[in-house]
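Here is how the chains run, residue by residue.
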There are 2 protein chains.
Amino acid sequence: MDIFPPSLEQMIDALTRLPGVGRKTAQRYAFHLLRGSHEDSLGLAEAVREAVERIRRCERCGNYSETALCAICRDTRRDETVICVVEEAVDIAPFDRSGFNGLYHVLGGLFSPLQGIVDAEQLRIRELFDRLRDGVVREVIAATPTTPDGEATALWLARALRPYDVKMTRLGMGMPMGGSLEYVDENTLQKALECRLSM
Amino acid sequence: MDIFPPSLEQMIDALTRLPGVGRKTAQRYAFHLLRGSHEDSLGLAEAVREAVERIRRCERCGNYSETALCAICRDTRRDETVICVVEEAVDIAPFDRSGFNGLYHVLGGLFSPLQGIVDAEQLRIRELFDRLRDGVVREVIAATPTTPDGEATALWLARALRPYDVKMTRLGMGMPMGGSLEYVDENTLQKALECRLSM
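Treat the numbers as computed from the prediction; the structure is a model and nothing was measured.

**Describing the overall build of chain A**
Looking only at helices and strands, one finds eight helices and six strands in chain A. Over its C-alpha atoms chain A spans a radius of gyration of 22 Å, topping by over 25% the 16 Å that the globule rule assigns to 199 residues. The buried share among the 199 residues of chain A stands at 41%. Here chain A displays about 11200 Å² of accessible surface, and carbon together with sulfur accounts for 52% of that area. Of note, chain A has its 25 positive side-chain charges centred 2 Å away from the centre of its 30 negative side-chain charges.

Structure below.
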């Protein structure tokens, strides 16, 4: 029998749609929302509704935005000659914290035969080429992840950008900062040796 | 600078209010909600709003309900002579799965000096006594957790219920089913020895 009311079961079901959230966690969230202040819990629902309804992609770079151009593309103090190409909008945050002051371009995915992404039309690639036409951009940094799909996408981009008069670079690879040798895997160590720096 | 639009930041803030959810996880949830189908994401917001607005406590037992009495209290096929006293409504689910067919009473907490719960008025205890007045209930099972607060609350209840003509019992303690001796802590083993059964 249903020991809980239908709206509670529906809330639990809806919460299991969040990534990595199973029934137990969803139940925990649901009971928390019921126990807490009604105002806070309704605030959460309202915040989700408002964000989902308002937010779209920046027409130029693909970042999340409430306006046609995102806050970064609208910022005239940024270096318009460098574009950092990332997989998803969420990847922009760590770059911005690192002090990078150029522009971004969100691909919205990677070439991935396993996920059925094999065609440039499935990614925001035409939009990237459009941004290179006026000759302002001097460098494109492939900042895709160092996974097989990420590497393949970077290589594809390097080849496709050859006709354009831009420098194509890739993120440096090697030891992470603060990394102890004991915990570094052998692939990273191999890259760190290949890319060793003179001092 | 804010690289994401304000409604996205607000959604992330709201999601960090969920238990055990830090900023990173909230961000992951938020990006998932934006990437997924708008319909599903708005559905989640709507399910939370509806549940929070509709659900209240059952007037008798304190379980969550959309009506004055919850589904369990309205079910006439249940054994009205036994009440299982639990800390929170969420604890009802495992008992019901175990096949228990009596009624429940949700205390809404435990006596806990550390959390400032020291007075019977802070728990749903008067409501429990009210249910014992008509003499229908023959047994009250203290099903509070086997933690110091849970044990203290069970002892307090046993003493407070002495004037009433009801049997007071406590959940059996010992080895969990399927438990291997290797992983059982010594307190549990001690209880299992104390409560050993003749065969």
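**Thoughts on the sheet that holds strand 6 (residues 167-170) of chain A**
Residue and element names in this part refer to chain A. Across the sheet, which stays open at both edges, the four strands sit in the order 4-3-5-6 with parallel pairing between neighbours. In this open sheet, the two edge strands, each paired with only one partner strand, are strand 4 (103-106) and strand 6. This sheet shows a mean twist of 25° between the axes of neighbouring strands, independent of strand direction. Relative to strand 6, strand 5 (residues 139-142) runs parallel, the two sharing four bridges. Residue pairing in the sheet places A142 in a bridge with R170 of strand 6. In the packing of helix 7 (residues 148-160) onto the sheet, the strands contacted are strand 3 (82-86), strand 5 and strand 6, and the crossing angle to strand 6 comes to about 170°.

**Observations concerning the relation of the copies chain A and chain B**
Each copy of the sequence occupies a distinct position, and chain A is placed on chain B by a rotation of 180° and an axial shift of 0.0 Å, giving an RMSD of 0.1 Å. Considering both components of the superposition, the chain copies are consistent with a two-fold axis. In terms of C-alpha distance to the rotation axis, chain A has A45(A) as its closest residue, with the C-alpha 2.1 Å off the axis. Both copies contact each other with a shared surface, as 100% of the interface residues of chain A are interface residues in chain B too.

**A word on the interface of chain A and chain B**
In this complex, chain A contributes 55 residues to the contact, which on the side of chain B involves 55 residues. Between chain A and chain B the total buried area reaches about 5000 Å² when both faces are included, carbon and sulfur atoms providing 72% of it. Its largest share of buried area at the contact with chain B, chain A owes to I3(A), V52(A) and Y64(A), together 13% of the area lost on that side. Viewed at the interface, chain B and chain A are joined by two salt bridges. Across the pair R35(B) and E88(A) runs a salt bridge, and its minimum N-O distance is 3.8 Å. The interface formed by chain A and chain B includes seven residue pairs in polar contact (both at pLDDT 80 or more). Broken down by secondary-structure element, the contributors of at least two residues to the side of chain A that touches chain B are helix 1 (6-15), helix 2 (23-35), helix 3 (38-54), strand 2 (64-65), helix 4 (71-74) and helix 5 (92-97) of chain A. Among the elements that make up the side of chain A that touches chain B, the one with the highest residue count is helix 3 of chain A (14 residues). The residue makeup of the side of chain A that touches chain B, split by class, is 31 nonpolar, nine polar and 15 charged.

**Considerations on the state of the cysteines**
Across all of its chains, the model carries zero disulfides over all chains by this definition. Among the cysteines around C70(A), which has no disulfide bond, C61(A) carries the closest sulfur, lying 3.7 Å off. Under the relative-accessibility criterion, C70(A) is labelled buried at 0%. Note on C73(B): no disulfide assigned, nearest cysteine sulfur contributed by C61(B) at a separation of 3.7 Å. What makes C73(B) buried here is its relative accessible area of 8%.

**Regarding the nonpolar core**
One recurring pattern in soluble globular proteins is that nonpolar side chains are buried together. Residues L8(A), M11(A), L15(A), L8(B), M11(B) and L15(B) are the most contacted members of the largest nonpolar core, which totals 113 residues. Those residues in contact with L15(B) that lie beyond four places of it in its chain are L44(A), V21(B), A26(B), Y29(B), A30(B) and L33(B).

**Quick word on the sheet that holds strand 5 (residues 139-142) of chain B**
All names here are of chain B. Reading across from one edge, 4-3-5-6 is the order of the four strands in this open sheet, with parallel pairing throughout. Edge positions in the sheet fall to strand 4 (103-106) and strand 6 (167-170), since each has one partner strand and no second. Put simply, the sheet's adjacent strands are angled 25° from each other on average, direction ignored. Sheet analysis places strand 3 (residues 82-86) next to strand 4, joined by four bridges and oriented parallel. Its bridge partner being in strand 4, C84 is matched across the sheet by Y104. Packed on one face of the sheet, helix 6 (residues 125-132) meets strand 3, strand 4 and strand 5 and runs near 150° to strand 4. Sitting on the sheet, helix 7 (residues 148-160) is in contact with strand 3, strand 5 and strand 6, with an inclination near 170° to strand 6.

**A look at helix 3 of chain A**
For helix 3 of chain A, spanning 17 residues, the distance from its first C-alpha to its last is 24 Å, which sits close to the expected 24 Å at 1.5 Å a residue. Within helix 3 of chain A the residues assigned to the buried category are S41(A), L44(A), A45(A), A47(A), V48(A), A51(A) and V52(A). Down the axis of helix 3 of chain A, the buried set is contained in an arc of 155°. They therefore lie on one face. The inward-facing, buried residues of helix 3 of chain A contact helix 2 of chain A together with helix 1 (6-15), helix 2 (23-35) and helix 3 (38-54) of chain B.

**Things to note about the packing of aromatic side chains**
In total, this model carries 15 aromatic pairs over all chains according to the counting rule given. Ring geometry for F4(A) versus F31(A): centroids 5.5 Å apart, planes at 70°, classification edge-to-face. Of the two residues, F4(A) is situated in the segment before helix 1 and F31(A) in helix 2; the sequence distance between them amounts to 27 residues. The residues F4(A) and F31(A) share a single accessibility class, namely buried. Ring geometry for F100(B) against Y104(B): centres 5.4 Å apart, planes inclined by 65°, an arrangement best described as edge-to-face. A relative accessible area of 18% means that F100(B) is categorised as buried. Look at Y104(B) and you get buried, because its relative accessible area is 1%. Site record: aromatic cluster; members linked through ring pairs are F4(A), F31(A) and Y64(B).

Criteria and cut-off values
- Residues numbered from 1 in each chain as written.
- Chains lettered and ligands numbered in written order.
- Predicted model: local features only at pLDDT ≥ 70, side-chain atom pairs only at ≥ 80, totals over all residues.
- Heavy atoms only, no water.
- Helix = DSSP H or I, 4+ residues; strand = E, 2+ residues; numbered from the N terminus.
- Rg over C-alpha atoms; globule rule 2.2 N^0.38 Å.
- Buried < 20%, exposed > 50% of the residue type's maximum accessible area, 1.4 Å probe, protein only.
- Areas by Shrake-Rupley, 256 points an atom, 1.4 Å probe, with all protein chains shown as cover.
- Lys, Arg positive; Asp, Glu negative; His and termini not counted.
- Charge placed at Lys NZ, Arg CZ, Asp CG, Glu CD.
- Pairing = 2+ DSSP bridges.
- Axes fitted to C-alpha atoms, helices over the stretch in contact; angles between N-to-C directions.
- Contact = heavy atoms within 4.5 Å.
- Least-squares fit on C-alpha atoms with pLDDT ≥ 70 in both.
- Buried area = accessible area lost by both parts, 1.4 Å probe.
- Salt bridge = Lys/Arg side-chain N within 4 Å of Asp/Glu carboxyl O.
- Polar contact = N/O pair within 3.5 Å; in protein donor to acceptor, adjacent residues only side chain to side chain.
- Nonpolar A, V, L, I, M, F, W, Y, C, P; charged D, E, K, R; others polar.
- Disulfide = S-S within 2.5 Å.
- Core = buried A, V, L, I, M, F, W, Y, C linked by side-chain atoms within 4.5 Å.
- Expected span 1.5 Å × (residues − 1).
- Arc of directions from axis to C-beta.
- Phe/Tyr/Trp six-rings, centres within 6.5 Å; stacked < 30°, edge-to-face > 60°.

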